[in-house]
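The primary structure of each chain is shown beneath.
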Amino acid sequence: MNAPYLLRLLCLSFASFFLVYLALALLSIAATPAVIRVAKRTTPLAATRLLLFARLFPLGLSLLVVLGLCLPSYLLLEPEASAERVGLACLLAALAGALAWAISIVRAVRASARSLEYLRRCRGLGADLRLAGEPLPLCLLEGETPVLALAGVVRPRIVLSRAVLRSLSAEQLETALSHERAHSVSHDNLKRLLLLLAPDPIPFVHGLSALDRQWAKYAEWAADDRAVAGDTRRSLSLASALVRIARLGSPARIAPLMASLLAADDELSARVDRLLRSGSAGASSRSPRRAALAAAAMAAAFSLLLAVMLQPATLSSVHHILEHLIR
Ligand SMILES: [Zn+2]
């Protein structure tokens, strides 16, 4: 098919994105068991950083290659007058790339809309609550559903139901709110949105979801650690708050961009066990060196790639590859 310049450029961009992203995502999938093993041996905070990096680096690098190499090489080295044909393979790869993006953008937009709608309803149905020492805005919901969560991405607020407020002691409530504050400090809802926005390497196949699940688990653990700050009394208090809220009934996941105090029942025993066992001190004393080493190795590989990209010969080689890809 003969295609005009701009259409060919678009086709090449999506096709090269798809191929590079697929290759890097397959590498990340292959490395997932090793990444999870390293995450297990380090602190929860370092684990969340490592897992998020492993999840998002294929996307970051693919965007860099497409925007920093493919686009400039095509714009600089491809004469506008040439009427090249676009081959079937290139067209299919471009469609897969465009479809992967369309799915992830729709997913992220829908999640944002549902979360905004939930917050709007909370403000309509609930009452603003002021608690001494709590810097985040609080919304109190009437009713028996157990809700304690941080909702919203840009201006997050804590949503709390009357049932939870009634069942927790002042100390338990304070540590539980500290847990939600910790999610706010580490922008976990924004990270959730980024994970939704990162396309699946093959449309409709969630190849990287193991990293997402592990990240979510360690994000809870890291928020627990930050909330108790190594204090045994606070650890016990948070553990008992978790158990009390669990007894109120199963936690409803009301909106997608929310960090609930209790996200899933199956995580409850592991979290309570951790809090009771060590006053969280055991976890914090584990060295984050392995995760730092892994991150440094990836950063070094990234710098090397950047250095190669900045070589003058690189653009013409990329152009050569693109010529083959488009046919
Ligand atoms: Zn949480």
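Let us look at the structure shown here. These numbers come from a predicted model, not from an experiment.

Analysis parameters
Residues numbered from 1 in each chain as written. Predicted model: local features only at pLDDT ≥ 70, side-chain atom pairs only at ≥ 80, totals over all residues. Helix = DSSP H or I, 4+ residues; strand = E, 2+ residues; numbered from the N terminus. Buried ≥ 20, exposed ≤ 12 C-beta atoms within 10 Å, placed from the backbone. Contact = placed C-beta atoms within 7 Å. Pairing = 2+ DSSP bridges. Axes fitted to C-alpha atoms, helices over the stretch in contact; angles between N-to-C directions. Core = buried A, V, L, I, M, F, W, Y, C linked by C-beta atoms within 7 Å. Expected span 1.5 Å × (residues − 1). Arc of directions from axis to C-beta.

**A few points about the overall build of the protein chain**
Right, on to step 1. The helix and strand tally for the protein chain stands at 12 helices and five strands.
Right, on to step 2. Considering only C-alpha atoms, the protein chain reaches an extent of 75 × 45 × 30 Å along its principal axes.
Right, on to step 3. Looking at the protein chain as a whole, 38% of its 327 residues are labelled buried.
Right, on to step 4. Considering only contacts in the protein chain between residues 6 or more positions apart, those separated by 24 or more positions represent 77%.

**Observations concerning the sheet that holds strand β1 (residues 127–129)**
The strands making up a sheet are joined through hydrogen bonds of the backbone, oriented either antiparallel or parallel.
Right, on to step 1. Here five strands make up an open sheet; going across it, the order is β1-β2-β4-β3-β5 and the pairing mixed. In the strand order of this sheet, the two ends are held by β1 and β5 (258–260), each with one partner. Strand-to-strand twist of the sheet, defined as the mean angle between neighbouring strand axes without regard to direction, takes the value 30°.
Right, on to step 2. The pairing of strand β3 (residues 148–151) with β5 spans three bridges and is classified as antiparallel. For L150, the partnering residue across the bridge sits in β5 and is A259.

**Some details on the nonpolar core**
Right, on to step 1. Formed by 78 residues in total, the largest nonpolar core has its most connected members in A15, F18, L51 and A149.
Right, on to step 2. Per-element accounting of this core gives the leading share, 13 residues, to helix α2 (residues 44–77).
Right, on to step 3. In contact with A149, not counting residues within four places along its chain, are V159, M258, A259, S260 and L261.

**Side note on helix α12 (residues 312–326)**
Right, on to step 1. The terminal C-alpha atoms of α12, which comprises 15 residues, lie 22 Å apart, in line with the 21 Å expected from a rise of 1.5 Å per residue.
Right, on to step 2. By the burial criterion, the buried members of α12 are L315, V318, L322 and I326. In an axial view of α12, the angular spread of the buried residues amounts to 70°, which keeps them on one side of the axis. Residues of α12 that are exposed and point over 90 degrees away from its buried face: A313, S316, H320 and H324.
Right, on to step 3. In this structure, the buried residues of α12 make contact with α1 (5–41), α2 and α3 (88–125).

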